[in-house]
Amino acid sequence: MTNTWPIARGTVPEREAFALGATTLFVLFAGDAVPNTLTWVGAGVLWALVAAWGITVLVRARPSMVRTPWALWVFLGWCLVTVLWSHWRFATISSLVAQVICVAVAFTIASTLTWRRIADALSLALRWVLMLSLVFEAVVAVFVRHPIAPIWTDYGDADIPDAFYFSRAELFTGGRIQGLPGNANLLAMVALLVAIVVAVQFAEGRMRRNRALGWLLVAAVGFVLTRSSTVIAAAVVVAVVALVAIWMRRVPTERRTPRYLLLAVGAVVVAVAGFLLRGPVSEMLGKGSDATGRGEIWGKVLGLIEQHPVGGWGWIGYWWPAIPTLADLAHRKGVTYLQAHDAYLDVWMQTGIIGLVLFAVYVVTTLSRSWACATRVGYDASFRPRSFDPVSLLPLLVVVALLVQSVAESRLLYQGNWVLFALIALKTRIVLTGEEPVSAGDGPRTPRTKREFRWAGTR
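The following refers to the structure shown. (Residues numbered from 1 in each chain as written. Predicted model: local features only at pLDDT ≥ 70, side-chain atom pairs only at ≥ 80, totals over all residues. Heavy atoms only, no water.)

## Some remarks on the overall build of the protein chain
Consideration 1: From N to C terminus, the protein chain includes 15 helices and 2 strands.
Consideration 2: Of the contacts formed within the protein chain by residues at least 6 apart in sequence, a portion of 77% connects residues at least 24 apart. (Helix = DSSP H or I, 4+ residues; strand = E, 2+ residues; numbered from the N terminus. Contact = heavy atoms within 4.5 Å.)

## Re the pattern of salt bridges
Consideration 1: The full count for this structure, using the stated rule, is 8 salt bridges.
Consideration 2: Linking Asp389 and Arg116 is a salt bridge whose minimum nitrogen-to-oxygen distance equals 3.3 Å. Separated by 273 residues along the polypeptide, Asp389 in the loop between α13 (343-375) and α14 (394-405) and Arg116 in helix α5 (residues 115-144) bring together distant segments of the chain.
Consideration 3: Each member of the salt-bridge network shares a partner with another, and the members are Glu14, Arg117, Asp120 and Arg206. (Salt bridge = Lys/Arg side-chain N within 4 Å of Asp/Glu carboxyl O.)

## Brief notes about unusual backbone geometry
Consideration 1: The phi angle at Thr39 is positive, at roughly 70 degrees, despite the residue not being glycine.
Consideration 2: With respect to the element layout, Thr39 can be found in helix α2 (residues 33-61).
Consideration 3: On the basis of relative accessibility, which here comes to 30%, the residue Thr39 falls in the partly exposed class. (Buried < 20%, exposed > 50% of the residue type's maximum accessible area, 1.4 Å probe, protein only.)

## Quick notes on the nonpolar core
Consideration 1: Grouped together as the largest cluster of nonpolar side chains are 98 residues, with contacts concentrated most on Leu193, Ile196, Tyr362 and Val398.
Consideration 2: Apart from residues no more than four positions distant in its own chain, Ile196 is found in contact with Val238, Leu394, Leu397, Val398 and Ala401.
Consideration 3: Ala91, Ile297, Trp313 and Ala340 belong to the second largest nonpolar core, which has 17 residues in total. (Core = buried A, V, L, I, M, F, W, Y, C linked by side-chain atoms within 4.5 Å.)

## Concerning the packing of aromatic side chains
Consideration 1: Counting across every chain of the model gives 13 aromatic pairs.
Consideration 2: Ring centres of Phe75 and Trp315 lie 5.7 Å apart, and the angle between their planes is 90 degrees; this geometry places the pair in the edge-to-face category. Here Phe75 is found in helix α3 (residues 70-81), whereas its partner Trp315 is found in the loop between α11 (294-307) and α12 (324-327), with 240 residues between them in sequence.
Consideration 3: Using a relative accessible area of 0% as the deciding quantity, one classes Phe75 as buried.
Consideration 4: On the basis of relative accessible area, Trp315 is assigned to the buried category, the value being 1%.
Consideration 5: Site record: aromatic cluster; members linked through ring pairs are Phe75, Trp315, Tyr344, Phe359, Tyr362, Trp418 and Phe421.
Consideration 6: In this structure, Arg117 is placed above the aromatic ring of Phe18, and the distance from its NZ or CZ to the ring centre is 4.1 Å.
Consideration 7: The cationic tip of Arg127 hangs over the ring face of Trp215; the distance from NZ or CZ to the ring centre is 5.1 Å. (Phe/Tyr/Trp six-rings, centres within 6.5 Å; stacked < 30°, edge-to-face > 60°. Lys NZ or Arg CZ within 6 Å of the ring centre and 35° of its normal.)

## Side note on empty space enclosed by the protein
Consideration 1: In this structure the tally under the stated criterion is 4 cavities of 30 Å³ or more.
Consideration 2: Its volume calculated, the largest cavity comes out at about 140 Å³.
Consideration 3: Lining of the largest cavity is provided by 13 residues; of these, Leu28, Phe29, Leu186, Arg411 and Asn417 occupy positions nearest its centre.
Consideration 4: Of all the elements in the fold, those that place two or more residues in the lining of the largest cavity are α1 (14-29), α6 (184-204) and α15 (415-430). (1 Å grid on protein atoms, 1.4 Å probe; cavity = no way out; pocket = protein on both sides within 12 Å on 5 of 7 lines; lining within 4 Å. Points joined across faces, edges and corners; volume = space filled by probe spheres on them.)

## Overview of the side chain of Thr226
Consideration 1: Looking at where Thr226 falls in the secondary structure, it is placed in helix α7 (residues 209-226).
Consideration 2: Residues in contact with Thr226, not counting those within four places in the same chain, are Arg176, Ile177, Ala184, Leu187 and Ala188.

## A word on the packing of α3 against α13
The packing of two helices is summarised by the inter-axis angle and the distance between the axes.
Consideration 1: In the contact formed by α3 and α13, the axes pass within 8 Å of each other and the chain directions differ by 175 degrees. Taken together, the axes of α3 and α13 are roughly antiparallel relative to one another. Along its contact with α3, which presents Trp70, Ala71, Leu72, Val74, Phe75, Trp78 and Cys79, the element α13 presents Val347, Thr351, Ile354, Gly355, Leu358, Phe359, Val361, Tyr362 and Thr365.
Consideration 2: Its residues placed into classes, the contact of α3 with α13 shows 13 nonpolar, 3 polar and no charged. (Axes fitted to C-alpha atoms, helices over the stretch in contact; angles between N-to-C directions. Parallel < 35°, antiparallel > 145°, perpendicular 65-115°, else oblique. Nonpolar A, V, L, I, M, F, W, Y, C, P; charged D, E, K, R; others polar.)

## A short note on the environment of Leu367
Consideration 1: Mapped onto the secondary structure, Leu367 falls in helix α13.
Consideration 2: When its relative accessible area of 30% is taken as the criterion, Leu367 is described as partly exposed.
Consideration 3: Put simply, Leu367 and Val400 are 33 residues apart on the chain and 7.7 Å apart in space, counted from C-alpha to C-alpha.
Consideration 4: Here Leu367 is in contact with Leu396, Val399, Val400 and Leu403, once residues within four sequence places are set aside.

## Thoughts on the side chain of Asp342
Consideration 1: If you trace the backbone, Asp342 turns up in the loop between β2 (335-336) and α13.
Consideration 2: On the basis of relative accessibility, which here comes to 10%, the residue Asp342 falls in the buried class.
Consideration 3: At 2.9 Å, the side chain of Asp342 forms a polar contact with the backbone nitrogen of Tyr344. (Polar contact = N/O pair within 3.5 Å; in protein donor to acceptor, adjacent residues only side chain to side chain.)

## As for the environment of Gln350
Consideration 1: When you line up the elements, Gln350 lands in helix α13.
Consideration 2: You can call Gln350 buried: its relative accessible area is 0%.
Consideration 3: Setting aside anything within four residues of it in sequence, one finds Gln350 in contact with Thr82, Gly311, Gly312, Trp313, Gly314, Trp315, Ile316, Gly317 and Trp319.
Consideration 4: Polar side-chain contacts of Gln350 include one of 2.9 Å to the backbone nitrogen of Ile316.
Consideration 5: Among the polar contacts listed, one links the side chain of Gln350 to the backbone nitrogen of Gly317, at a separation of 2.8 Å.

## Describing a nonpolar patch on the surface
Consideration 1: Where nonpolar side chains cluster on the molecular surface, the patch consists of Met131, Val135, Val139, Val142, Phe143 and Phe172 and spans about 570 Å² of accessible area.
Consideration 2: Note on placement: Val139 falls in helix α5.
Consideration 3: Residue classification places Val139 among the partly exposed residues on the basis of a relative accessible area of 38%. (Patch = residues over 30% accessible without salt bridge, like charges linked within 9 Å, V, L, I, M, F, W, Y side chains within 5 Å. Areas by Shrake-Rupley, 256 points an atom, 1.4 Å probe, with all protein chains shown as cover.)

Bear in mind that shape data such as this cannot, by itself, settle questions of function.
Here's what the structure looks like:
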């Protein structure tokens, strides 16, 4: 049975809970591959089946709502309030229902799996997405040898933008591959998350050296073939944050004040320098001074914000193409962009400054708890300090990666990013990594004394 401490009052088979977590994350991070291969009707059926599975597990687990993040519920409550003045009321209600169902499934996973099993489920799902993406691109490049469109389309001989294709068959031509997600930037983020979680599993002794190195190599290949400037920046920030968290943890809590002051000064300097040098940095990353057209999109979104700055236009999450106000807003090279390419501008436009503040509280409190996971020293039942567990870095590094991406993409508000962020928000509120009791559901680990693969060859 699954580890139900301290929140689930029912019982659910651990294998089922793990299968639900891995399946949910795989389906969501596979992105456009689902509708592109099953049509939108088939995709809707698959998403509904996964949601129904998650709800049934939730009902059987019967977790308590007491230890859950109030900031998440308040933000969702405000999204519901925007129905009163929404300019797209049906879309607001429909999108909010989808958001709440996704949170419910995330709550199910958070309350039925331990931190280590969550890491295992995330690793399994994302490794499959990444590997199948590379296999898919290889098949298209070697056997098909021309771009392919989604199964539900028929463009005929029309000259269409490259963004419309499921795969552009560019594996061997020097272009950026898109993989299952159908977008190079999203596939790059999958590669980064794979690198993070595999590194954690390796350090935890949950993955052997050769296997871990193999998957890190696959992640590096995906990273190189996608060449996403946003994810390159996210990888740099993740590496810096990991080093800072380890550096902070090396001293007792009562002696950390000087380090926090130094960290605050460094953060301010980096923020100011980043703002002043944003143009040259963007040019250096190959994005141009306006971040590959994002500057134009942001300007138009700010125009909508100026019309309804307090309450917004009404929650919608991902923009519906059938709504003219949004569908006619952002066009570039024949492509209609259905997001603000910035999660915070999107929230401000949809829910007003009130919603933006509530969302910021949700983000900051989740980041704060994730930082506590990485830096707080845990104690066992005898009040002795627990040894450092690498899994304690997982929430922080994943949250940081998602937040950096949210500056240039609105994915934090829907699909896999929304569920993964909510999962971490919920789990860190239920229990921090250093305070979670050891569970049989964590599965086998390589004994610490046998981890010769850290520095020496495997015997």
